Amino acid sequence: MNLSLRALAIATAVLIGAGFALVFFHAPIDADQGFIQKIFYLHVPLAIVALIGFVVAAVHAIRHLRSGDPIHDARSYVSIHTSVIFGVAVLITGAIWAKASWGQWWVWDEPTLVSFLIVFLLYATYYPLRYAIPDRERQARYASVFAITAGAFVPLNFMAVRAAESLVHPRTFATADGGLPSEVWLVFLVCLAGIAALWWTLVRFELTAKRTSAQISRLRRALEGGAPSPGSGGVAARIAPGVAR
Amino acid sequence: MALATLAQTPAVPLDEAGQYVAGAYIVFVVLLVVYVGLMAAKLGRISRDLEELAVIAESKEHDSRQQTADSGTGREAAREPVA
């Protein structure tokens, strides 16, 4: 673990610890929803960071197609991977909130829920698409095209949901009575910063692990004097040594 | 002791809503722990691979020293006059 990754991990732990402490000891109890609203400080930042992560993956995919540098493909892959994990957390925490608030784990006629599920399932197809292609160069190109297309779909989907009529799902930042109080904003922003830092830390951590695996593969080939086996190493094998930052 | 203190804390009411909130945060922590566990397993594999490579490198170094020593002995033997 290099120093900056260690510093990032410590900052993440501090931010998340502070955020959760603020949630339970400082944030006011919501007059409308009561204590169950505390899930908002976890669920909403996870959703925002997951969706932004998909857009970040699309940006890396564009850079990969423009430059052909495999590090951008690796970054795009890891961004999607981490955002999908965050997406699982969003769906589970959202279902728990829905059960407590609406009495049902899932509501199919609510656009916010269904649209997030569609985005999640769309990205869940990224893995079979990617690994169905044996040739690594083609695999990376197709995965980048997928990441760009799906990444463009994310903000469009978000705007479509905001414009939708059905508003059973609460709107976080824009309510009829003026939005969030300042105390809630503070706690929410600390939680958002913590979750964003967590996303970044996990991405950096996984990229470092993949870079190390790639370097070990190169070292093994050099020591054993063998040719690289086709398809071995996956994304890790495509990362040039010393460039996974 | 810590759990008893937590249970008495007014910030975490253990009524029905409190259980759902606790459930949501526990899910998050569990997912995080599973992810960290998987990454730890991956790092363990990397560590084992590195150890294996170190053994290969050391054995190669040993072989090459052996070859150098053998060739040196051979040259010295060739230089010695035959009685």
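Note that the structure is a prediction, hence the values are computed from the model and not measured.

Definitions and limits used
- Residues numbered from 1 in each chain as written.
- Chains lettered and ligands numbered in written order.
- Predicted model: local features only at pLDDT ≥ 70, side-chain atom pairs only at ≥ 80, totals over all residues.
- Heavy atoms only, no water.
- Helix = DSSP H or I, 4+ residues; strand = E, 2+ residues; numbered from the N terminus.
- Buried < 20%, exposed > 50% of the residue type's maximum accessible area, 1.4 Å probe, protein only.
- Areas by Shrake-Rupley, 256 points an atom, 1.4 Å probe, with all protein chains shown as cover.
- Contact = heavy atoms within 4.5 Å.
- Buried area = accessible area lost by both parts, 1.4 Å probe.
- Salt bridge = Lys/Arg side-chain N within 4 Å of Asp/Glu carboxyl O.
- Polar contact = N/O pair within 3.5 Å; in protein donor to acceptor, adjacent residues only side chain to side chain.
- Nonpolar A, V, L, I, M, F, W, Y, C, P; charged D, E, K, R; others polar.
- pLDDT = per-residue confidence, 0-100.
- Patch = residues over 30% accessible without salt bridge, like charges linked within 9 Å, V, L, I, M, F, W, Y side chains within 5 Å.
- 1 Å grid on protein atoms, 1.4 Å probe; cavity = no way out; pocket = protein on both sides within 12 Å on 5 of 7 lines; lining within 4 Å.
- Points joined across faces, edges and corners; volume = space filled by probe spheres on them.

Draft legend 1. Molecular detail of the overall build of chain B. Counting secondary structure elements, chain B contains two helices and zero strands. Relative to its full complement of 83 residues, chain B shows a buried share of 20%. Put simply, chain B shows about 6100 Å² of open surface, and 64% of that area lies on carbon and sulfur atoms.

Draft legend 2. Seen up close, the interface of chain B and chain A. On the chain A side, the residues contacting the 27 residues of chain B number 36 residues. Approximately 2900 Å² of surface area, both sides summed, lies buried where chain B meets chain A, with 83% of it carried by carbon and sulfur atoms. In this structure, the connection of chain B to chain A is made through two salt bridges. The salt bridge involving E52(B) is made with R220(A); its shortest N-O contact spans 2.9 Å. Applying the counting rule to chain B against chain A returns four residue pairs in polar contact (both at pLDDT 80 or more). In the side of chain B that touches chain A, the residues fall into 20 nonpolar, three polar and four charged.

Draft legend 3. Here's a closer look at the pattern of salt bridges. With the rule as written, the count across this model stands at four salt bridges over all chains. The residue R130(A) makes a salt bridge to D73(A) at a minimum N-O spacing of 2.6 Å. Pair noted here: R130(A) is in helix α5 (residues 126-131) and D73(A) is in helix α3 (residues 70-102), with a separation of 57 residues, a long-range link. For the pair R130(A) and D73(A), a shared accessibility class is recorded, and that class is buried. A salt bridge links E61(B) to R65(B); the nearest nitrogen and oxygen atoms lie 3.2 Å apart. Separated by four residues within a single helix, E61(B) and R65(B) lie in helix α2 (residues 16-79), roughly one turn from each other. Judged by its relative accessible area of 42%, E61(B) is partly exposed. Using a relative accessible area of 57% as the deciding quantity, one classes R65(B) as exposed. Through salt bridges that share partners, R220(A), D49(B) and E52(B) make up one connected network.

Draft legend 4. How the structure looks around the confidence of the model for chain A. All names here are of chain A. For chain A, mean pLDDT is 85; residues scoring 70 or higher make up 85% of the total. When mean pLDDT is taken per element in chain A, helix α2 (residues 40-67) scores highest with 95 and helix α8 (residues 234-238) scores lowest with 60. A low-confidence stretch, residues 240-245 stays under pLDDT 50, and its non-local contacts, those more than four residues away or across chains, total 13 contacts.

Draft legend 5. Layout of a nonpolar patch on the surface. The grouping of I26(B), V30(B), V34(B) and L38(B) at the surface amounts to a nonpolar patch, some 370 Å² of accessible area in total. Mapped onto the elements of the fold, V34(B) is located in helix α2.

Draft legend 6. Just empty space enclosed by the protein, in detail. This structure, assessed with the given rule, holds one cavity of 30 Å³ or more. Approximately 70 Å³ is the volume attributed to the largest cavity. If you go around the largest cavity, the residues you meet are L46(A), I85(A), F86(A), A89(A), L198(A), L202(A), F28(B), L31(B), L32(B) and Y35(B). Breaking the lining of the largest cavity down by element, the ones donating at least two residues are α3 and α7 (182-224) of chain A together with α2 of chain B. Counting residues per element, the lining of the largest cavity draws most heavily on α2(B), which supplies four residues. For the lining of the largest cavity, a count of residues per class yields 10 nonpolar, no polar and no charged.

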